[in-house]
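# Working through the structure, step by step
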Amino acid sequence: MATVTIRNLVKRYREAEVLHGINLDIADGEFVVLVGPSGCGKSTTLRMIAGLEDISGGEVLIGDRVVNQLEPKERNIAMVFQNYAIYPHMTIYKNISFGLRTARLPAAEKDRRIRAVAEQLELTPYLDRKPGQLSGGQRQRVAIGRAIIRDPAVFLFDEPLSNLDAQLRAQTRLEIKKLHQRLGSTIIFVTHDQVEAMTLADRIVIMRDGHIQQIGTPTEVYDHPANTFVARFIGSPSMNLLPGAVTADGGLALDGNGPIAHPAARGLAPGSRVLLGVRADDLRVQSHTGATDKAPGLQLSGRVSVVEPLGPDMLVYLDAGLDAGTQQVIAKADTRQTLRPGDEVTLTAAPETLHLFDEQSGKAVAV
Amino acid sequence: MKHLYNRLSFQQKKAYWAWLFLAVPILFFAAVRFYPTINAAMISFTDWNLLTEGKWVGLANYERMFTDKVFWKVFANTFLYLIVGLPVSLTLAFVVAYYLDQVRFMHGFIRSLYFIPYLTTAVAMAWVWRWGYQPAPMGVINQILSSIGMPQQPFLRSPNQALYAVLAPAIWAGLGFQVIIFMAGLRAIPETYYEAARIDGIGKLATLWEITLPLLRPTLVFIVVLTSIGLLRIFDQVYNMTVDGQGGPLNATRPLVLNIYNTAFKDFDMGYATAQTMVLFLVLLIITLIQLRLMRSK
Ligand SMILES: Nc1ncnc2c1ncn2[C@@H]1O[C@H](COP(=O)(O)OP(=O)(O)OP(=O)(O)O)[C@@H](O)[C@H]1O
Ligand SMILES: [Mg+2]
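Residues numbered from 1 in each chain as written. Chains lettered and ligands numbered in written order. Predicted model: local features only at pLDDT ≥ 70, side-chain atom pairs only at ≥ 80, totals over all residues. Heavy atoms only, no water.

## Structural notes on the overall build of chain B
What counts is decided by this rule: In this description a helix means any DSSP run of H or I spanning at least four residues, a strand means any run of E spanning at least two, and both kinds are numbered starting from the N terminus. Atoms considered for the radius of gyration are the C-alpha atoms alone. The globule rule reads 2.2 Å times the number of residues to the power 0.38. Type-normalised accessible area, obtained with a 1.4 Å probe on protein chains alone, sets the label of each residue: buried when under 20%, exposed when over 50%, and partly exposed for intermediate values. Here, two residues are considered to be in contact whenever any of their heavy atoms come within 4.5 Å of each other. Residue burial considers only the protein chains on display, and all accessible areas are found by Shrake-Rupley using a 1.4 Å probe. The convention is simple: Lys and Arg are positive, Asp and Glu are negative, and His and the chain ends are not counted. Working definition for charges: the position is that of NZ of Lys, CZ of Arg, CG of Asp or CD of Glu.
Each helix and strand in chain B was counted, giving 14 helices and zero strands. Along its sequence from the N terminus, chain B presents helices and strands in the succession α-α-α-α-α-α-α-α-α-α-α-α-α-α. Against the compact-globule benchmark of 19 Å for 298 residues, chain B has a radius of gyration of 24 Å, which places it well outside the compact range. C-alpha atoms of chain B, sized along the principal axes, occupy 75 × 70 × 35 Å. For chain B, buried positions account for 42% of its 298 residues. Within chain B, residue pairs in contact and separated by at least 24 positions form 65% of the contacts whose partners lie at least 6 positions apart. For chain B, the accessible surface area stands at approximately 17500 Å², while carbon and sulfur atoms represent 71% of it. If you average the places of the 23 positive and of the 13 negative side-chain charges in chain B, the two averages end up 8 Å apart.

So this is what it looks like as structure tokens:
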């Protein structure tokens, strides 16, 4: 078990810089998830920690040891790959034993450990089989078995679930979380799936184009996104972002809509362009038009365009009548409400659920 | 006709077209391969000599083979080509491919250097090597040997060395092809297998033995079979590098194919030549089947 510290980490492929000096402190036993869109540098970061990729600049520390120059095997890490990387010509037993190849242990002890790990992962019946005879989920467990048998200081996972179907993915996700609770080891987990990130992580690291956008607990990044990128990336459906401007009296006016009070707007110069963020869950849909009583917060009128039932609730896509034509807004509504495409509705949101971003920089405006 | 075709099901139509296209090579094969093979098998039971009509002699040609010293010498030579040539050429090709695969600098250029001999006429290459084996002022190889203070070698003129001297250019010529195939096989192994091995701290040699080679098995089967067949049929190099194309000295380099050629077109003993051909055919068949079985199993 160990901490992992990343200082000003830079990666260059020839001329192209793909990681621009990132910093990250991971506590001992923490479960950290790197998340971001394709090509943002998650795998590159992970592979530099693993020692599979040269470090162009900065430092990686495992424990208090700088490991920049160390071979992967000297770093005391284990890694699980997206395509499992278990050897097709070896039995499951042999595959798991590969994790112990270099360990100086008596053969009997190795055997005992292999069987114990297999038992833990419910792989005992398959020990004599070849990977070709296993399902995707079982193969992934073999890969995990090969990793945990070494009892490494840090586990690295690179999109280990993306080759599994939805149900198996949720199940394996749970197993990984339990594994973490049982072993208590440091885990760095890469995914581009924000749901996976939210459910697994102690802390989420959101990356984009080789920069870290925000680091925080799932609740922090969900409730207080640092910028519009994080706001859109975390949470499903994406946060609605509505353009507007700060008014002379320190309020806020959406383009083509009445003023709303927002505490954060007071810190901005009148006329500043802003984006008002509101999550679908925080929007209330009222199926009658016209102004309701003047409650503080957001009030929007719109027309329902599409309704997507999700079971307990439904997603309502609305064309809100804002200045520059119509703007699509997504809201969540109770299925008991009867809403049809074409219905005129009013959307409201409480002031404390509104997020404010600077339109230019995309940065969140602090209250 | 059209009416009939339209009544076929989808599956049947597919089969119809498949067989139509397959028919061309099958007919061609029947005419150019199967018919002559069967014909040759028949001739091997006659004493046909091109001039007179052959008459049936039963197994006489095959009996003669058993007591023919030259045949046994030639048979042994043929296997020597295989037994020495196969491991040497495969090892060389694999080592070259293994390292070339890791080289980025001038990769294409180096690869073509290995491949060019494969594209060059065997006859021209055989003669170049033949000159190279000459005594000192003429022969490059002996020149090099003496310049580094080693004694000159007789090479093609020594019954003990000639076979290896002939085998060398044959291996050299096939190397480029084997290297290309090996590299394709190596490339097909996912990089993550090696990365996982690095993380587990598996050494280079262990990685080679336990990961690379087993995963390369299909490629190995392919190359072993092709190379074996090639070596068992060696001819061009021997014909062009030995005096009068006789496979000398003292039949030291003569392979089965050359012996068949001589029996047929120097001695005009067609019956005996085809009998030997049948033996070669059987040997090739059996060896190929054994190799396929050995390397596919497990
Ligand atoms: N060998 C390479 N040579 C040049 N550029 C590379 C190389 N490997 C990766 N890159 C670039 O580095 C950037 C980051 O790649 P990386 O694989 O880390 O992305 P990722 O976040 O893991 O994406 P994904 O979700 O698709 O796996 C990408 O823009 C990619 O094009
Ligand atoms: Mg990746």
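Once you've had a look at it, read on.
## Observations concerning unusual backbone geometry
In this chain, Ser236(A) is followed by Pro237(A) through a cis amide linkage whose omega measures 0 degrees. Of note in this structure, Ala85(A) is not a glycine but carries a positive phi near 55 degrees. Relative to the helices and strands, Ala85(A) is located in the loop between β6 (77–80) and α2 (92–97). Owing to a relative accessible area of 0%, Ala85(A) belongs among the buried residues under this scheme. Phi angles above zero are rare outside glycine, and Met106(B) is one such case at about 55 degrees. The exposure class of Met106(B) is partly exposed, given its relative accessible area of 42%.

## Regarding the UniProt feature "domain: ABC transmembrane type-1" (unreviewed entry) in chain B
How we decide: UniProt positions are given in the numbering used here, feature names are shortened, and annotations may be inferred rather than shown by experiment.
Per the UniProt annotation, the sites labelled "domain: ABC transmembrane type-1" (unreviewed entry) are residues 75–291 of chain B. Overall, residues 75–291 of chain B shows 73% helix and 0% strand. The separation of its end C-alpha atoms is 20 Å.

## Observations concerning the interface of chain B and chain A
The cut-off we apply is this: What gets called buried area is simply the loss in accessible area from a 1.4 Å probe that two parts show on being joined, summed for both. For this analysis, a salt bridge means a side-chain nitrogen from Lys or Arg found within 4 Å of a carboxyl oxygen belonging to Asp or Glu. By the criterion applied in these results, polar contacts are pairs of N or O atoms within 3.5 Å in which, for protein atoms, one can donate a hydrogen and the other can accept it, and in which residues neighboring in sequence qualify only through two side-chain atoms.
Contacts between the two partners involve 16 residues from chain B and, on the opposite side, 25 residues from chain A. A buried area of about 1800 Å², summed over both sides, lies between chain B and chain A, and 57% of it is on carbon and sulfur atoms. For the chain B face of the interface with chain A, the top three residues by lost area are Arg198(B), Ile199(B) and Asp200(B), together amounting to 37%. At the surface where chain B touches chain A, the tally comes to six salt bridges. The interface formed by chain B and chain A includes eleven residue pairs in polar contact (both at pLDDT 80 or more). Listed by contribution, the elements that provide at least two residues to the side of chain B that touches chain A are α9 (191–199) and α10 (204–215) of chain B.

## Some points on the side chain of Gln140(A)
Among the structural elements, Gln140(A) can be located in helix α4 (residues 136–148). Excluding residues that lie within four positions of it along the chain, Gln140(A) makes contacts with Val80(A), Phe81(A), Gln82(A), Tyr84(A) and Pro160(A).

## So, the packing of helix α11 (residues 217–232) of chain B against helix α14 (residues 270–296) of chain B
The description of two packed helices rests on the angle between their axes and on the distance between the axes. Residue and element names in this part refer to chain B. Filter applied, for reference: Between N-to-C directions, angles cover 0 to 180 degrees, with each direction set by a line fitted to C-alpha atoms, over the stretch in contact for helices. Throughout, the term roughly parallel applies to angles under 35 degrees, roughly antiparallel to angles over 145, roughly perpendicular to angles from 65 to 115, and oblique to all others. Note on convention: the crossing is left-handed when the near helix lies turned anticlockwise from the far helix by less than a right angle, right-handed when the turn is clockwise. Each residue is assigned to one class: nonpolar for Ala, Val, Leu, Ile, Met, Phe, Trp, Tyr, Cys and Pro, charged for Asp, Glu, Lys and Arg, and polar for all the others, Gly among them.
Relative to each other, α11 and α14 sit at 165 degrees, their axes nearing to 10 Å. Classified by the angle between their axes, α11 and α14 sit roughly antiparallel to one another. Handedness of the α11/α14 crossing: right-handed. When α11 is examined against α14, the residues Arg-217, Leu-220, Val-221, Val-224, Val-225, Ser-228, Ile-229 and Leu-232 are found in contact with a partner set consisting of Leu-280, Val-283, Leu-284, Ile-287, Thr-288, Gln-291, Leu-292, Leu-294, Met-295 and Arg-296. Among the residues making up the contact of α11 with α14, the classes are represented as 13 nonpolar, three polar and two charged.

## Some words on the UniProt feature "domain: ABC transporter" (unreviewed entry) in chain A
Taken from the UniProt record, the annotation "domain: ABC transporter" (unreviewed entry) applies to residues 4–234 of chain A. The straight-line gap between the two end C-alpha atoms of residues 4–234 of chain A is 25 Å; of that span, 34% is helix and 26% is strand.

## Focus: the nonpolar core
Where we set the bar: For the purposes of this section, nonpolar cores are sets of buried Ala, Val, Leu, Ile, Met, Phe, Trp, Tyr and Cys residues that join through side-chain atoms within 4.5 Å.
Among the nonpolar cores identified, the biggest contains 102 residues, and Leu156(A), Ile188(A) and Phe182(B) are the most heavily contacted of them. Counting residues per element, this core draws most heavily on helix α4 (residues 69–100) of chain B, at 13 residues. Setting aside its immediate chain neighbours within four residues, Ile188(A) contacts Val4(A), Ile26(A), Val32(A), Leu34(A), Leu46(A), Ile49(A), Val154(A), Phe155(A), Leu156(A) and Phe157(A). The next biggest cluster of nonpolar side chains, apart from the first, holds 42 residues, and it includes Ile114(A), Leu161(A), Leu200(A) and Ile234(A).

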